[in-house]
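# Summary of structural features
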Protein chains: 2
Amino acid sequence: MANLETDLYSVKDKMYAAADCIIFGFEGGRIKLLLFRRRVEPLKGEWSLIGSFVRLDEDVSEAAKRVLKEITGLENVFMEQLKAYGKADRDPGFRCLSIAQYALIQIDEYDGELVEKHGAHWFDIDEIPDLVLDHNQMVQDALERLKQKARYQPIGLNLLPEKFTIPQLQQLYEVIYQKELDSRNFRKKLLSLKVLIKLDEKDKTNSRRGAFLYKFDYKTYHELEKFGYNFEIS
Amino acid sequence: MANLETDLYSVKDKMYAAADCIIFGFEGGRIKLLLFRRRVEPLKGEWSLIGSFVRLDEDVSEAAKRVLKEITGLENVFMEQLKAYGKADRDPGFRCLSIAQYALIQIDEYDGELVEKHGAHWFDIDEIPDLVLDHNQMVQDALERLKQKARYQPIGLNLLPEKFTIPQLQQLYEVIYQKELDSRNFRKKLLSLKVLIKLDEKDKTNSRRGAFLYKFDYKTYHELEKFGYNFEIS
DNA sequence: ATAATAAATGTAAAATGTACGTTAATTACA
DNA sequence: TGTAATTAACGTACATTTTACATTTATTAT
């Protein structure tokens, strides 16, 4: 009996593991997703998230960083694990887990040439084509996560340049939440959080008057965080 | 060049995948964690989360359910993926990913005999022993998730019996948040959410007067959810 | 000079959160 | 039998935050 059980528990099957990246950007007031053509069979050539098999000697998060750098040239961007996708039949070819990670990047900073070379393309999130396997589901889950998380943590800022205007930030929140916000209340709430640094520069791309540029004060933010400070934009 | 790249992308290493369960209960005003003695080498006999290798033909979530049922006899309990743990060196023996899932159970409903038989034991979360591999980290992460999630979703209720009193629920929130709550404000806030059904019964285990029992109104809750209703207990 | 445009500011009412004190129901036991 | 002890339940006043809404400001193209 004991032996039987031991044997049962010891069933060890090996499988593949993939790291797939949901790469979001923000441009022209829209959230964008970077997709590319799948490089391996089956389904080679179909639109797919950017991903790679995880190698035996690398961390899952490293695998994601590796592939992100390879395609976009970017390092040190915001990236966070979304979740693992582990349905037995998710890949028709062979058993393969995927650990999905989402990245938020400043869309103007990536290496366009590299992206071009890998056949990658930015899609508006309202116009995402059919993707391989369960990748559409991953994108939906990542958007949901972004929506939830942006409310209580300043992660959305990773989609904007270091210097940004309040109207820009509002526009970002409006597309994330998919609803309009009152500009007066938005500004008031935001400034009350005391984590923005007003600069002496203006951005005049959107108006004659120009809007003041701000930077996020991460230092103060992390200080306040320790005391249970609540960043919340609703 | 193209071939080289194709080869590079095609590096496919197989590895093991484990499903580990962080099983929380609530008893005597404390959050408890169910641990057992590891059944496989290496580290056989050490305290460990309950887990199993994922088999080739089963979903990751199924693996977690399988092992949970095996040890506690429980089915249909609240269980949710926490995250995947994918450090290359997390298991000294061989490359093994773990997909951690946390479960919230009513501690009185599990099969004590089964648990006994598997050498499992409930630990107060303040008295968790050293666990194998990165399991202590998993527990910390799961507690953090519980703390975050309980604030905006009524998942804590899964730790209580179907019928519970308001003081019981408050006690639960107090241990989750690790801070005292004002009983008058807690009650007011909770009842204002309009998702509790007051019963005609009282629970007299904690006082002479007895406290009225309530049930959570999942039906109404799910209705309200559709309209962007916000369950929030802070 | 003026028109056009988005940025920035203000304010009053409503809703929610916070900090308290008091009363109510029940049982053990004097 | 009534009184003390104990937790449950309720209420209120004040502070804070959210919401709804209108006007002024800075700038440039004409």
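As shown above, the structure is provided for reference.
Keep in mind that what you see is a predicted model, and the values were worked out from it rather than measured.

## Some thoughts on the protein's contact with DNA strand C
- What surrounds DNA strand C is a group of 20 residues, the closest being Arg184(A), Arg187(A), Arg209(A), Arg184(B) and Lys188(B).
- Take Asp182(B): an N or O atom from its side chain is 3.3 Å from a base nitrogen of DNA strand C.
- Here Arg208(B) contributes a backbone N or O atom positioned 3.2 Å from a sugar or linking oxygen of DNA strand C.
- Elements with a contribution of two residues or more to the surface near DNA strand C: helix H6 (183-192) and strand S10 (211-216) of chain A together with helix H6 (183-192) of chain B.
- Looking at the surface near DNA strand C, the element that brings in the most residues is H6(B), giving 4 residues.

## Some details on the relation of the copies chain B and chain A
- Rotating chain B by 180 degrees and translating it 0.0 Å along the rotation axis places it on chain A, where the RMSD comes to 0.0 Å. The symmetry that links the two subunits is that of a two-fold axis.

## Describing the pairing of strand S1 (residues 14-27) of chain B
- Burial analysis of S1(B) places 12 of its 14 residues in the buried class, the great majority of the element.
- Where strand S1 (residues 14-27) of chain A lies against S1(B), 3 bridges are found, and the strand directions are antiparallel. Bridge pairing links Lys14(A) to Tyr16(B) in S1(B).
- With 9 bridges joining them, S1(B) and strand S6 (residues 96-104) of chain B adopt parallel strand pairing. Paired with Tyr16(B) across the bridge in S6(B) is Cys96(B).
- Alignment of S1(B) against strand S4 (residues 50-53) of chain B, held across 4 bridges, turns out to be antiparallel. Residue Ala18(B) lies in a different strand from S4(B), and its bridge partner there is Phe53(B).

## Here we look at the side chain of Asp203(A)
All names here are of chain A.
- Positionally, Asp203 belongs in strand S9 (residues 196-203).
- Despite its burial, Asp203 remains without a salt bridge, the nearest opposite charge being carried by Lys204 at 9.7 Å.
- Once you skip the residues sitting within four places of it in the chain, Asp203 turns out to touch Thr165, Gln168, Gly210, Ala211 and Leu213.

Conventions adopted
Residues numbered from 1 in each chain as written. Chains lettered and ligands numbered in written order. Predicted model: local features only at pLDDT ≥ 70, side-chain atom pairs only at ≥ 80, totals over all residues. Heavy atoms only, no water. Near = heavy atom within 4 Å. Polar contact = N/O pair within 3.5 Å; in protein donor to acceptor, adjacent residues only side chain to side chain. Helix = DSSP H or I, 4+ residues; strand = E, 2+ residues; numbered from the N terminus. Least-squares fit on C-alpha atoms with pLDDT ≥ 70 in both. Buried < 20%, exposed > 50% of the residue type's maximum accessible area, 1.4 Å probe, protein only. Pairing = 2+ DSSP bridges. Lys, Arg positive; Asp, Glu negative; His and termini not counted. Salt bridge = Lys/Arg side-chain N within 4 Å of Asp/Glu carboxyl O. Contact = heavy atoms within 4.5 Å.

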